[in-house]
Amino acid sequence: LDVSLRDLVLACIKTIGRKCFDVQELYAFAPIFKVCLPECKNLESALKQQLDELVKDGVLEVLSDGCYCVK
């Protein structure tokens, strides 16, 4: 299975099923991330970095510390 962290993050956000979510909801998917991306050792840091990139790319908006909304 060849999947990127970005693709996994977007799929998990879609699975949450709401436009707005907090980072803890995303961390709940950690077991899936660990199976699909075993080389990712610091998962929380990698997820935070990916969320920052999605914000920079205009996919997400930061509502408050740890809360995001899909644009």
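Okay, so let's go over this structure. What you are looking at is a predicted structure, and each value in this text was computed from that prediction instead of being measured.

Notes on the overall build of the protein chain
Okay, step 1: Helix and strand counts for the protein chain stand at four helices and three strands.
Okay, step 2: Shown N-terminal to C-terminal, the secondary structure of the protein chain runs as helices and strands in the order α-β-α-α-α-β-β.
Okay, step 3: For the protein chain, the C-alpha radius of gyration of 11 Å lies close to 11 Å, the compact-globule estimate for 71 residues.
Okay, step 4: The buried share of the protein chain, reckoned over its 71 residues, is 35%.
Okay, step 5: Taking the contacts inside the protein chain whose residues are at least 6 apart along the sequence as the reference set, 53% of them involve residues at least 24 apart.
Okay, step 6: A total of about 4,500 Å² of accessible surface is found on the protein chain, and carbon and sulfur atoms cover 55% of it.
Okay, step 7: The centroid of the 9 positive side-chain charges in the protein chain is displaced by 3 Å from the centroid of its 11 negative side-chain charges.

Points about the nonpolar core
Okay, step 1: Counting 22 residues, the largest nonpolar core has Val-9, Phe-33 and Leu-51 as its most contacted members.
Okay, step 2: Of all elements in the fold, only α1 (5-16), α2 (23-27), α3 (30-36) and α4 (43-56) reach the threshold of two or more residues within this core.
Okay, step 3: The element best represented in this core is α1, accounting for six residues.
Okay, step 4: Setting aside anything within four residues of it in sequence, one finds Phe-33 in contact with Leu-5, Leu-8, Val-9, Cys-12, Leu-26, Pro-38, Leu-43 and Leu-47.

About the criteria used
- Residues numbered from 1 in each chain as written.
- Predicted model: local features only at pLDDT ≥ 70, side-chain atom pairs only at ≥ 80, totals over all residues.
- Heavy atoms only, no water.
- Helix = DSSP H or I, 4+ residues; strand = E, 2+ residues; numbered from the N terminus.
- Rg over C-alpha atoms; globule rule 2.2 N^0.38 Å.
- Buried < 20%, exposed > 50% of the residue type's maximum accessible area, 1.4 Å probe, protein only.
- Contact = heavy atoms within 4.5 Å.
- Areas by Shrake-Rupley, 256 points an atom, 1.4 Å probe, with all protein chains shown as cover.
- Lys, Arg positive; Asp, Glu negative; His and termini not counted.
- Charge placed at Lys NZ, Arg CZ, Asp CG, Glu CD.
- Core = buried A, V, L, I, M, F, W, Y, C linked by side-chain atoms within 4.5 Å.

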